[in-house]
Amino acid sequence: MTPSDRPVPTIHDVARAAGVSKSLVSLAVRGDAGVSEATRSRILAVADELGYRSNALARGLARGRTQLVGVLLSGLRNTYHAEVARGVEEAADGLGLDTIIAHGAYDAALLERRLGRLLELGVDGIVVVSAMLAPEVLDRAAARTPVVMVGRPFTPPERACVIHNHDERGATAVVEHLLAQGHSRIVHLATSRRAAARARRGAYEEAMAAAGLAAEARVLEADEGGAERIVGEVLSRAAGAPTAVFAGNDRAAAQLVDTAYDAGVAVPADLSVAGYDNSEIGALLRPRLTTVDQPRERMGREAVRLLAARMEARRDAETIVVEPALVVRDSTAAPRA
């Protein structure tokens, strides 16, 4: 009989070989109290010799819990999602929970299928780091297990909790920073048409209008060649060319800095650039990126706190809005005279 043909050893096999009860094996394997160190060592040695591996999922199911938290991300392209997931993992580990991560590759239909798969696995709760799912989809899932959405929905779900940052205050802080440096021709590079992006765009337009610069409040889309158009205008040195850009996220800001570099446009001497998220990419850029800090890992940890509370008792859904903070670095400066 080859090793692959041998039956998988069970807890009963370990108990029989060690001459102890099944419950004592269970205590020893879990590291619980109630078994002496000598007996524990002997049981673990027998288990190792037999090739026994404890099935944590089966133990959890026997108690009505899997001890698993699902983490569903829009995608992996934006480091923002990964950083929220890191906070979820850290907090879950502190509660003795494991995590399963899935993503939808920025496809809403695939994202919904991945959500269904997590529900089929019987996870104890789900953190959805995405604003792509409809509220009714989140509410159907929340009827089966606690769900917390990290992101800003157009319409809040009724059963799922929501955590997002105050997009308006973050965007206003960026524009006010650029205005204080002496910029008046500020372009906003929008990154999507979802709720958070629209809130940032609206705050940008209001801050420009409040400064008496409504005519300059232009918005370009990142996915429609916005970066190339901005750089082209700077190179033209026309009277209305922008001197500063507020990008809707750090990824778009990084793409703009890259496009500017290739074209010979110096940042920030020729063009100041600010982003949003304070993701890792911003600190790695040269010049380092001025941005708005969304406390991504803290938002992930807060999501687990909400899940844990709802695992213990049914509670009404709630929305938590966290405060962003402006992080001023090297990519913004006063415009050239």
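Residues numbered from 1 in each chain as written. Predicted model: local features only at pLDDT ≥ 70, side-chain atom pairs only at ≥ 80, totals over all residues. Heavy atoms only, no water.

1. Thoughts on the side chain of Asp-277
And step 1. If you trace the backbone, Asp-277 turns up in the loop between strand S9 (272-274) and helix H12 (280-284).
And step 2. One buried charged side chain, Asp-277, makes no salt bridge at all; its nearest oppositely charged neighbour is Arg-200, positioned 4.2 Å away.
And step 3. Leave out the neighbours within four places in its chain, and Asp-277 touches Asn-78, Tyr-80, Arg-200, Asn-249, Asp-250, Thr-291, Val-292, Asp-293, Gln-294 and Arg-296. (Helix = DSSP H or I, 4+ residues; strand = E, 2+ residues; numbered from the N terminus. Buried < 20%, exposed > 50% of the residue type's maximum accessible area, 1.4 Å probe, protein only. Lys, Arg positive; Asp, Glu negative; His and termini not counted. Salt bridge = Lys/Arg side-chain N within 4 Å of Asp/Glu carboxyl O. Contact = heavy atoms within 4.5 Å.)

2. Regarding the domain arrangement of the protein
And step 1. Domain annotation of the protein identifies domain 1 (11-54), domain 2 (66-165 + 295-323) and domain 3 (167-294).
And step 2. For domain 2 and domain 3, the distance between their C-alpha centres works out to 30 Å.
And step 3. Residue-level contacts link 16 residues of domain 2 with 19 residues of domain 3.
And step 4. Here domain 2 meets domain 3 over a buried area of about 1,500 Å², counting both sides, of which 44% is carbon and sulfur.
And step 5. When residues of domain 2 are sorted by the area they lose upon contact with domain 3, Arg-152, Phe-154 and Asn-165 head the list and together hold 40% of the total.
And step 6. A salt bridge links Asp-167 to Arg-152, with the shortest nitrogen-to-oxygen separation between them at 3.1 Å. (Domains from an automatic or database assignment. Buried area = accessible area lost by both parts, 1.4 Å probe.)

3. Re helix H8 (residues 167-180)
Residues three or four positions apart in an α-helix share a direction because the helix packs 3.6 residues into each turn.
And step 1. A rise of 1.5 Å per residue sets the reference length of H8, with its 14 residues, at 20 Å; its end C-alpha atoms lie 20 Å apart and thus fit the reference within 8%.
And step 2. Every buried residue of H8 is accounted for by Asp-167, Gly-170, Ala-171, Val-174, Val-175, His-177 and Leu-178. Buried residues of H8, seen end-on, are gathered within an arc of 155° and therefore sit on one face of the element.
And step 3. Phi for Gly-182, located one or two positions after H8, is positive at around 110°. (Expected span 1.5 Å × (residues − 1). Arc of directions from axis to C-beta.)

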